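Notes for the structure review
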Amino acid sequence: MTPPGRAGRKSTTREPIIQEPVSSESAAEPEATRREAGAAESTRANRGWWDRNADEYQVEHGTFLGDDRFVWGPEGLDEVEAELLGPAEELKGKDVLEIGAGAAQCARWLAAQGARPVALDLSHRQLQHALRIGGTFPLVCADAGALPFADASFDLACSAYGALPFVADPVQVLREVHRVLRPGGRLVFSVTHPIRWAFPDEPGPEGLSISSSYFDRTPYVEQDEDGRAVYVEHHRTIGDRVRDIVAADLRLVDLVEPEWPAWNSSEWGGWSPLRGNLIPGTAIFVCVRD
């Protein structure tokens with residue numbers, strides 16, 4: 001699969017994005033393959049990938065994501081309408097952890113509702129974009145599998161395509177979220193819909209024919225000429241995701257599969273109106289810590 005974020009729209013953030021020079025070593029096109037990749041390799045590769053590509057990602061997707069919107073995925077489902085974390089008026093005063101925050105657009109929206117968000121990301125460069133846009137909430141650079149917070153620190157946790165698609169051990173991340181949530185707390189996270197792994201990651205007609213087994217859980221890896229991973233994405237089936245949630249002692253209360261809206265004419269990687277009207281592109285899991 002192509003990592004989400006290779007195509008999109010120009011940023012509208014207030015300050016220009018200053019892109020650092022690309023070294024000749026990073027200019028070579030990586031080889032795409034399917035092979036095993038463990039936790040340490042996945043973390044190292046994805047931290048490096050997002051640090052290198054954060055500028056491009058924000059340039060290409062800044063307009064769609066906005067500076068202070070809470071968008072769950074390429075379909076454009078907005079938390080203002082979805083209320084998956086609860087009604088906006090009930091977010092005031094809540095402690096909220098955003099995992100895989102990127103430039104912290106979601107955390108910024110939460111802060112505007114009166115919540116007390118903390119934005120966490122593995123990538124230092126992504127969090128520099130959060131600083132560039134601004135905000136008064138904390139930014140934390142850390143691994144989602146080892147959250148640097150005390151037990152029962154948060155009322156809510158959320159992740160819009162953050163962390164879960166990129167980790168080899170999603171149960172560890174979910175257990176960490178369970179640990180830092182207070183009883184009755186809610187976790188909502190979105191990921192690429194698992195059925196999409198059976199199709200080519202193409203927005204046009206060539207992306208409508210099944211090309212691989214839905215049940216093949218071998219990670220997608222981009223590697224350099226020495227065979228070292230520079231990007232890793234992990235596939236879980238719907239059943240796997242449900243079992244992961246249960247294994248972390250969380251309770252699944254809803255599974256949302258956003259339909260492609262008529263207003264959204266954009267393409268984002270393999271997401272497009274053509275495909276979005278036929279197969280789901282995003283899965284959103286709504287969980288509760290009892």
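Residues numbered from 1 in each chain as written. Predicted model: local features only at pLDDT ≥ 70, side-chain atom pairs only at ≥ 80, totals over all residues. Heavy atoms only, no water.

**So, the environment of Arg179**
For the record, the criterion: For the purposes of this entry, the term helix denotes a DSSP run of H or I that reaches at least four residues, the term strand denotes a run of E that reaches at least two, and both are numbered from the N terminus. The classification of residues rests on relative accessible area computed with a 1.4 Å probe and restricted to protein chains. Under 20% of the type maximum is buried, over 50% is exposed, and intermediate values are partly exposed. Contacts were defined at the residue level, with two residues in contact if any of their heavy atoms lie within 4.5 Å. Under this definition, polar contacts are N or O atom pairs within 3.5 Å; protein pairs additionally need one hydrogen-donor-capable and one acceptor-capable atom, and for neighbouring residues in sequence, both atoms have to be side-chain atoms.
Note on placement: Arg179 falls in helix α6 (residues 170-180). Classification of Arg179 by relative accessible area gives partly exposed; the value is 24%. With residues up to four places along the chain from it excluded, the contact list for Arg179 reads Leu147, Phe149, Ala150, Asp151 and Ala152. Within the structure, the side chain of Arg179 is placed 2.9 Å from the side chain of Asp151, a separation counted as a polar contact. At 2.9 Å, the side chain of Arg179 forms a polar contact with the side chain of Glu176.

**Focus: the side chain of Glu79**
Let me state the cut-off plainly: The charge count includes Lys and Arg as positive and Asp and Glu as negative, but it does not include His or the ends of the chains. Whenever Lys or Arg places a side-chain nitrogen within 4 Å of a carboxyl oxygen from Asp or Glu, that contact is recorded as a salt bridge.
Relative to the helices and strands, Glu79 is located in helix α3 (residues 79-82). Within the buried set, Glu79 has no salt-bridge partner at all; the shortest N-O distance to an opposite charge, 7.5 Å, is to Arg186. Within the structure, Glu79 has its side chain in polar contact with the side chain of Trp72 (distance 2.8 Å). Within the structure, the side chain of Glu79 is placed 2.9 Å from the backbone nitrogen of Leu84, a separation counted as a polar contact. For Glu79, the contacting residues outside a window of four places in its chain are Phe70, Trp72, Leu84, Leu85, Gly86 and Trp109.

**Side note on a nonpolar patch on the surface**
Condition: Nonpolar side chains (Val, Leu, Ile, Met, Phe, Trp, Tyr) are joined into patches within 5 Å and like charges within 9 Å, using only residues with over 30% relative accessible area and no salt bridge. Residue exposure ignores everything except the shown protein chains as possible cover, and the areas themselves are Shrake-Rupley values with a 1.4 Å probe.
A cluster of nonpolar side chains, Leu208, Leu274 and Leu278, forms an exposed patch at the surface whose accessible area comes to about 260 Å². Inspection of the secondary structure assignment puts Leu278 in the loop between α8 (273-276) and β10 (282-288).

**Re the pattern of salt bridges**
Throughout the structure, instances matching the rule amount to 15 salt bridges. For the salt bridge of Arg182 with Asp95, the shortest nitrogen-to-oxygen distance reads 3.0 Å. Here Arg182, found in strand β6 (residues 181-192), pairs with Asp95, found in strand β2 (residues 95-99); they are 87 residues apart in sequence, far enough to count as distant. By relative accessible area, Asp95 is classed as buried at 14%. Among the salt bridges present, the one from Arg236 reaches Asp244, with a minimum N-O distance of 2.7 Å. A relative accessible area of 5% means that Asp244 is categorised as buried.

**Side note on the sheet that holds β10**
Convention followed: Whether two strands pair depends on DSSP finding at least two bridges between them. Fitted lines through C-alpha atoms serve as axes, helices being fitted only where they are in contact, and the angles separating the N-to-C directions of these axes extend from 0 to 180 degrees.
Within the open sheet, the seven strands sit side by side as β4-β3-β2-β5-β6-β10-β9. Their pairing is mixed. Two strands bound the open sheet, and with one partner strand each, they are β4 (139-141) and β9 (251-256). The mean inter-strand angle of the sheet, taken between neighbouring strand axes irrespective of direction, is 20°. Relative to strand β5 (residues 154-160), β2 runs parallel, the two sharing three bridges. Looking at β5, one finds that Val96 is bridged to Leu156. Running over the sheet, helix α4 (residues 105-112) touches β2, β3 (116-121) and β5 and is turned about 175° from β3.

**What to know about the packing of α6 against helix α7 (residues 238-247)**
We count it as follows: Reported orientations rely on four angle classes, namely roughly parallel under 35 degrees, roughly antiparallel over 145, roughly perpendicular from 65 to 115, and oblique for the rest. Note on convention: the crossing is left-handed when the near helix lies turned anticlockwise from the far helix by less than a right angle, right-handed when the turn is clockwise. Charged residues are taken to be Asp, Glu, Lys and Arg, nonpolar residues to be Ala, Val, Leu, Ile, Met, Phe, Trp, Tyr, Cys and Pro, and polar residues to be all remaining types, Gly included.
As a packed pair, α6 and α7 sit with axes 8 Å apart at the nearest point and diverge in direction by 40°. Between α6 and α7, the angle is such that the two are oblique. Crossing angle aside, the handedness with which α6 passes α7 is right-handed. Contacts between α6 and α7 involve Pro170, Val171, Leu174 and Arg175 from the first element and Arg241, Asp244, Ile245 and Ala247 from the second. Class assignment for the residues of the contact of α6 with α7 results in five nonpolar, no polar and three charged.

**So, the confidence of the model for the protein chain**
Put simply, the rule reads: On a range of 0 to 100, pLDDT expresses the predictor's confidence in each residue.
Residues with a pLDDT of 70 or more make up 91% of the protein chain, whose mean pLDDT is 92. pLDDT under 50 marks residues 1-26. Its contacts with residues more than four places away, or in other chains, come to 73 contacts.

**Remarks on the side chain of His234**
Along the polypeptide, His234 turns up in the loop between β8 (229-233) and α7. At a separation of 2.8 Å, a polar atom in the side chain of His234 contacts the side chain of Ser42. The residues touching His234, leaving out its near neighbours within four places in the chain, are Ala37, Ser42, Pro165, Phe166, Val167, Ala168, Trp197, Pro219 and Arg241.

**Some details on the environment of Val71**
As for its position among the elements, Val71 is in the loop between α2 (39-65) and α3. Separated by 89 residues in sequence, Val71 and Ala160 have C-alpha atoms that sit 7.3 Å apart. Those residues within four positions of Val71 in sequence are excluded, and the remaining contacts are Phe64, Leu65, Gly76, Leu77, Asp78, Cys106 and Ala160.

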